[in-house]
Amino acid sequence: MSTTTKNAPRRSSPVLGLLVFAGIVATVVMGLFIAPKDTVQGDAYRLLFMHVPAAWLAYLAFGVTAIASLLYLVPRTRHLRWDYLAGASGEIGVMFTALMLAVGSLWGRPIWGRWWAWEARLTTTAILLFLYLGYLALRRMGGSPEQRALRSAVAGLIAFVDVPIVHFSVSWWATLHQDGSVFNSKMQVHIKDPSMQFTLLLGVAAFTLLYVYLCIRRMQLLELEEGMADRELQAAIDDRQLGVVSGASSGASQADASANSPVTI
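What comes next is a walk through the structure. (Residues numbered from 1 in each chain as written. Predicted model: local features only at pLDDT ≥ 70, side-chain atom pairs only at ≥ 80, totals over all residues. Heavy atoms only, no water.)

Moving on to the pattern of salt bridges. Tallied over the entire structure, the rule returns 6 salt bridges. Among the salt bridges present, the one from Arg-81 reaches Glu-223, with a minimum N-O distance of 2.4 Å. One end of the pair, Arg-81, is in helix H3 (residues 80–112); the other, Glu-223, is in helix H7 (residues 194–260), with 142 residues separating them in the sequence. A salt bridge links Glu-91 to Arg-218; the shortest N-O distance between them is 2.6 Å. Taken together, the residues span a long stretch of sequence, with Glu-91 in helix H3 and Arg-218 in helix H7 at a distance of 127 residues. The class for Arg-218 is buried, based on a relative accessible area of 14%. Each of the salt bridges in this network shares a partner with another, and the network as a whole consists of Asp-83, Arg-139 and Arg-148. (Salt bridge = Lys/Arg side-chain N within 4 Å of Asp/Glu carboxyl O. Helix = DSSP H or I, 4+ residues; strand = E, 2+ residues; numbered from the N terminus. Buried < 20%, exposed > 50% of the residue type's maximum accessible area, 1.4 Å probe, protein only.)

What follows is the structure, encoded as structure tokens:
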């Protein structure tokens with residue numbers, strides 16, 4: 001692999017970072033100052049401009065974790081790079097799931113009159129968060145990189161089963177959570193104003209770029225951590241072997257000195 005190919009993600013990251021920053025700033029300005037107040041929910045609906053992109057990113061991140069895990073389990077595509085991608089994406093997914101629940105709680109207080117409700121969408125989402133926290137904890141257990149990758153891949157696929165359950169929970173059960181898509185006319189908030197629609201799509205695009213940026217950076221860090229661990233292990237092995245050789249040499253020297261020393265009575 002050429003040096004250009006290896007360093008391409010590193011050189012593209014600053015540009016991507018600037019795009020992410022610009023997109024998020026534009027979303028904040030549009031969401032707070034340009035998009036009009038909703039006739040039903042007032043200013044509280046503006047939290048949707050963060051809540052919906054965070055939910056989309058949680059789905060995307062866990063989907064990538066599942067796909068990367070599957071690719072690692074297939075013998076023909078088995079490579080630790082897929083494990084790095086699965087781990088990085090899983091960490092980002094946990095972050096955005098927590099953000100989604102936090103923003104949803106802020107929205108629920110003025111609209112539902114409570115911070116939390118044990119209804120289907122919120123409960124299954126909380127379960128999803130804890131499933132992937134367990135996935136991340138499993139990645140921290142001991143063993144070789146291959147052993148970690150194998151058990152993590154299986155866990156990543158099992159945890160993903162909850163994602164469609166979260167998504168379809170509002171259709172399968174009677175819930176407090178509003179229905180389906182943001183553009184669904186049955187919802188309490190119908191995003192029909194062009195500035196509302198543009199702000200929401202801008203937020204989704206900005207958060208998606210943020211996911212890509214964080215994923216690139218986290219994969220680079222995981223590879224560096226893996227290489228550092230390998231170097232530390234090799235250094236410890238070398239020190240151990242050097243100590244054994246030095247001990248043997250010292251013992252042999254002492255034996256020779258004893259054999260050559262004069263015996264006094």
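Once that is clear, we can look at a nonpolar patch on the surface. Judged by side-chain polarity, Phe-21, Val-25, Val-28, Val-29, Leu-32, Phe-33 and Ile-34 come together as a nonpolar surface patch covering roughly 690 Å² of accessible area. When you line up the elements, Phe-21 lands in helix H1 (residues 3–34). The exposure class assigned to Phe-21 is exposed, which follows from its relative accessible area of 59%. (Patch = residues over 30% accessible without salt bridge, like charges linked within 9 Å, V, L, I, M, F, W, Y side chains within 5 Å. Areas by Shrake-Rupley, 256 points an atom, 1.4 Å probe, with all protein chains shown as cover.)

Note that all results are geometric; they support no functional claim without further evidence.
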